[in-house]
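# A closer look at the structure
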Amino acid sequence: MAALRNWLWSGLSAAPAQSESDAPRLEVVEPQDDSDDETVKDEHSDDDRPPAFPSPASAQRASSSIPTILTDCELMPPPPQPSLAARKPGISGSGTKSSSSGLLALPPSTTKPPLKPSRKRDKVALAPGYGPLDWAKLKSSGQNLRGVDALVRVPPSELKKHNKREDAWTAINGKVYNISHYLPFHPGGEKELMRVAGRDGTKLFMLTHAWVNADFMLDSCMVGFLTAEPS
Ligand code: HEM
């Protein structure tokens, strides 16, 4: 420690002279045995134990009822060693099958076949050029995907008229979208998406994939807002 401090100090004091010299020079300083040095000597340098508080020799400790510091062997005894002889191979509490196959047997939960989904939900193979990135590109291309010039109010009777592949509107969460351009990009297939053409598709959409952000996916296809039928 003292050697490190000396080395640092000598480096600092030598700094101005060094800045002018061509190459940096390391100066080796022998450690001095300062009697007033407060740093701990070698034998304790790797000792990370915190100091006793209050200090064992303090007046506070002498005058008070603070108990003396216990050594390791005076502290609470360690818990008893678990008996290896009492351990049995296999999973405790499981059936006879796994206990016979040893410690590395699979837990019973992973040996059961997976639960079958209530309804088959297959992703369709999208045609080349109709992946999510292609849709993102088309969306931001500036092409009018709405089919209208400004956002409109759409009552259910109007929505109903737009139920053809080339002119398909649907409402999701109160917003009406023209889904015609999106049809070939839909990972669930055109057929599934056409089920909501001409009507409010919120329920089916949420039942199928509530995690999909329709708002973002179809923002450039927005036609307007679903309203009540005018009286
Ligand atoms: C109109 C707005 C819709 C949008 C923007 C949309 C978007 C998406 C997206 C992004 C996926 C991929 C999901 C994933 O990878 O996790 C997907 C999958 C799917 N969608 Fe849609 N979808 C819509 C409507 C519908 C509707 C009305 C149905 C009708 C049932 C449907 C059925 C499916 C199916 C079956 C899948 C594939 C299986 C799955 O990913 O779990 N989608 N859709």
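Just above sits the structure.
Predicted model, so just to flag it, every value in this text is computed and none were measured. Going along each chain's sequence as written, the residues are numbered from 1 onward. Given that this is a predicted model, residues contribute local features only at a pLDDT of at least 70 and side-chain atom pairs are listed and counted only at 80 or more, while totals for whole chains, interfaces and linings are drawn from all residues.

Throughout this description, a residue near a molecule or strand is one whose C-beta atom, derived from the backbone, lies within 6 Å of it. Taken together, 21 residues surround the ligand, and among them Pro 187, Gly 188, Glu 192, Val 196 and Met 217 come closest. The numbering of helices and of strands both runs from the N terminus, where a helix is a DSSP run of H or I of at least 4 residues and a strand a run of E of at least 2. Secondary structure elements with two or more residues in the shell around the ligand: strand 3 (167–172), helix 7 (190–194), helix 8 (202–209) and helix 9 (214–217). With 4 residues, helix 8 is the largest single contributor of residues to the shell around the ligand. Polar here means any residue other than Ala, Val, Leu, Ile, Met, Phe, Trp, Tyr, Cys and Pro, which are nonpolar, and Asp, Glu, Lys and Arg, which are charged; Gly is therefore polar. Residue classes in the shell around the ligand are distributed as 11 nonpolar, 6 polar and 4 charged.

With that out of the way, let us pick up the pairing of strand 3. Burial within strand 3 is extensive, with 5 of its 6 residues counted as buried. The rule for pairing is simple: two strands pair if DSSP sees at least two bridges between them. Pairing analysis gives 2 bridges linking strand 2 (residues 163–164) to strand 3, with the strands arranged antiparallel. Note that in strand 3 the partner of Lys 164 across the bridge is Asp 167. Here strand 2 folds back onto strand 3, and the loop between the two strands holds 2 residues. For strand 3 and strand 4 (residues 175–178), the ladder comprises 4 bridges, and the chain directions are antiparallel. Within the sheet, the bridge partner assigned to Thr 170 lies in strand 4 and is Tyr 177. Where strand 3 folds back on strand 4, the antiparallel hairpin that results is connected by 2 residues, among which Asn 173 adopts a positive phi of roughly 50°. As judged from the 2 bridges shared by strand 3 and strand 5 (residues 199–200), these two strands associate in the parallel manner. Any residue whose C-beta has 12 or fewer other C-beta atoms within 10 Å is treated as exposed, any with 20 or more as buried, and any in between as partly exposed, C-beta atoms being built from the backbone.

So far we have only geometry, and geometry alone does not tell us how the molecule works.
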